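Residue-level listing of the chains:
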Amino acid sequence: MKAFLLVGISVLMGMSLTLVAAEDSVATRKPVLVCSTTQIADFTREIVGDQCVVKSILAPGADPHTYMPTPQDAKIVLGADLCLQNGLHLEGKNWMGTLARDANKPLVTCTKGIKPIELEAEGEKIADPHAWFSARNVAVYVNNILRAVSRLDPSEQGRYAARAKLYLQQLRVLDVWVREQVNRISPQRRILVTSHDAFNYFCQEYKFNSQYNYLSLAPVGWSTGSEVGAGMTPRRRKKVIDSIRNYGAPAVFVETSVNPKLIREIAKEAGIDVGGKLYSDSMGESGTAGETYIGMMRENVLTIVTALKIGVKEGKQE
Ligand SMILES: [Zn+2]
């Protein structure tokens, strides 16, 4: 009888423990946010902190224009509460939109509300997707993400808003710092040549390539993929080499997510240096200086300033 009672009590205790565990896992299940690119994942993480699980479909160094989603990506999106993308056709052939639609998941487009730079290519107007290269535009991304996660998880709204506010302050500090750094380069040497047109917003915001209406100079055009107006053409390549010669560009830059071969050939042909590697459509690996948006902007600006500032290479400081 005594033994039976003990067994009965332990069974009951076991049951109640199981119940507590089940309730606990429901209570602590964090919303899962699946982002298309490393930048979107970083902005999202800055806002949600540890309150949500944030995943990025693209790994550091991957190219969003040409990316082909895998069955594993579809599985990740199936577990999402919310999907987030850059939009403006950065995700080539709408791969993030397709993943979200197939899994029947809500999708937030973070560039919504940004006035895009319009490019003319092959008689068509194309909205440039690389809007994050102006730190001011990132404020729009942040507000879009904040609105979406607050709607998804209203109980944590206050914390999300507080983190977003702090991050917006950091972005303003970054923007001021970039302007100060860029001012160290004389205006006629502010010529940015890269593989593909990722830097139009950067050039416009921070006054590079003034002779080209602040548009970037790139042999590959606005996308590395096969969309309208994208891809390397002999005409584009020639224009870039002519511009380097006409305006005396001190250096050209390779991008971490694009094959460096073409830009190296152009540097050789124009007889100038490769000034270093820039983060463009992807941020750095975890543990590198470019693993966050602010880190990648800082590294880019330091690389650009070092390569373009008058006399640095020859050791003749201004
Ligand atoms: Zn791009």
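On a predicted model such as this, the values are computed, not experimentally measured, just so you know.

On to the overall build of the chain, then. Within the chain, the regular secondary structure consists of 10 helices and 8 strands. Relative to its 318 residues, the chain shows a buried fraction of 42%. For the chain, restricting intrachain contacts to residue pairs at least 6 apart in sequence, the fraction spanning at least 24 positions comes to 61%.

Next up on the list: the environment of Q51. Here Q51 shows up in the loop between helix 2 (38-48) and strand 2 (53-56). With 21 residues separating them in the primary sequence, Q51 and K30 have C-alpha atoms 6.4 Å apart. Setting aside residues no more than four positions away along its own chain, Q51 makes contact with K30, E156 and R159.

So, about the packing of helix 2 against helix 6 (residues 157-182). The packing of two helices is summarised by the inter-axis angle and the distance between the axes. Interaxial distance between helix 2 and helix 6 falls to 7 Å at its minimum, and their mutual angle equals 125°. Judged on the interaxial angle alone, helix 6 and helix 2 are oblique. Across the interface between the two elements, E46, I47 and V48 of helix 2 pack against Y160, R163, A164 and Y167 of helix 6.

Relative to strand 6 (residues 124-127), strand 5 (residues 118-121) runs antiparallel, the two sharing 4 bridges. By the bridge assignment, L119 is partnered in strand 6 with I126. What sits between strand 5 and strand 6 in their antiparallel hairpin is a turn of 2 residues, with E122 showing a positive phi close to 50°.

A separate point is the confidence of the model for the chain. Mean pLDDT over the chain: 89, with 89% of residues reaching 70 or higher. In this model residues 1-25 is a low-confidence stretch, pLDDT under 50, and it forms 0 contacts with partners more than four residues away in sequence or in other chains.

Take unusual backbone geometry next. The phi dihedral of N94 is positive, around 55°, even though this residue is not glycine. Residue N209 is not a glycine yet carries a positive backbone phi of 55°. Looking at where N209 falls in the secondary structure, it is placed in the loop between helix 7 (200-205) and helix 8 (234-247).

This paragraph deals with the sheet that holds strand 3 (residues 82-85). Reading across from one edge, 2-1-3-4 is the order of the 4 strands in this open sheet, with parallel pairing throughout. Only two strands of the sheet have a single partner each, and these edge strands are strand 2 and strand 4 (107-109). Strand-to-strand twist of the sheet, defined as the mean angle between neighbouring strand axes without regard to direction, takes the value 25°. Where strand 3 and strand 4 come together, 3 bridges link them in parallel fashion. Opposite L84, over in strand 4, you have V108 as the bridge partner.

What counts, and where the lines are drawn
- Each chain carries its own residue numbering, running from 1 in the written order of its sequence.
- Per-residue local features of the predicted model are confined to residues with pLDDT of at least 70, and side-chain atom pairs are confined, for both listing and counting, to 80 or more; whole-chain, interface and lining totals are unaffected and use all residues.
- Only DSSP runs of H or I covering at least 4 residues are called helices, and only runs of E covering at least 2 are called strands; the numbering of each starts at the N terminus.
- Residue burial is a threshold on neighbouring C-beta atoms within 10 Å of the residue's own C-beta, all placed from the backbone, with 20 or more meaning buried, 12 or fewer meaning exposed, and counts in between meaning partly exposed.
- By the convention adopted here, residues make contact when the C-beta atoms placed from their backbones lie within 7 Å.
- Between the N-to-C directions of two axes lies an angle of 0 to 180 degrees, each axis being a line fitted to C-alpha atoms and, for a helix, fitted only over the stretch in contact.
- Oblique is the label for any angle not under 35 degrees, not over 145, and not in the 65 to 115 range, which are roughly parallel, roughly antiparallel and roughly perpendicular in turn.
- Any two strands with at least two DSSP-identified bridges between them are counted as paired.
- Confidence scores labelled pLDDT are given residue by residue by the predictor and lie between 0 and 100.

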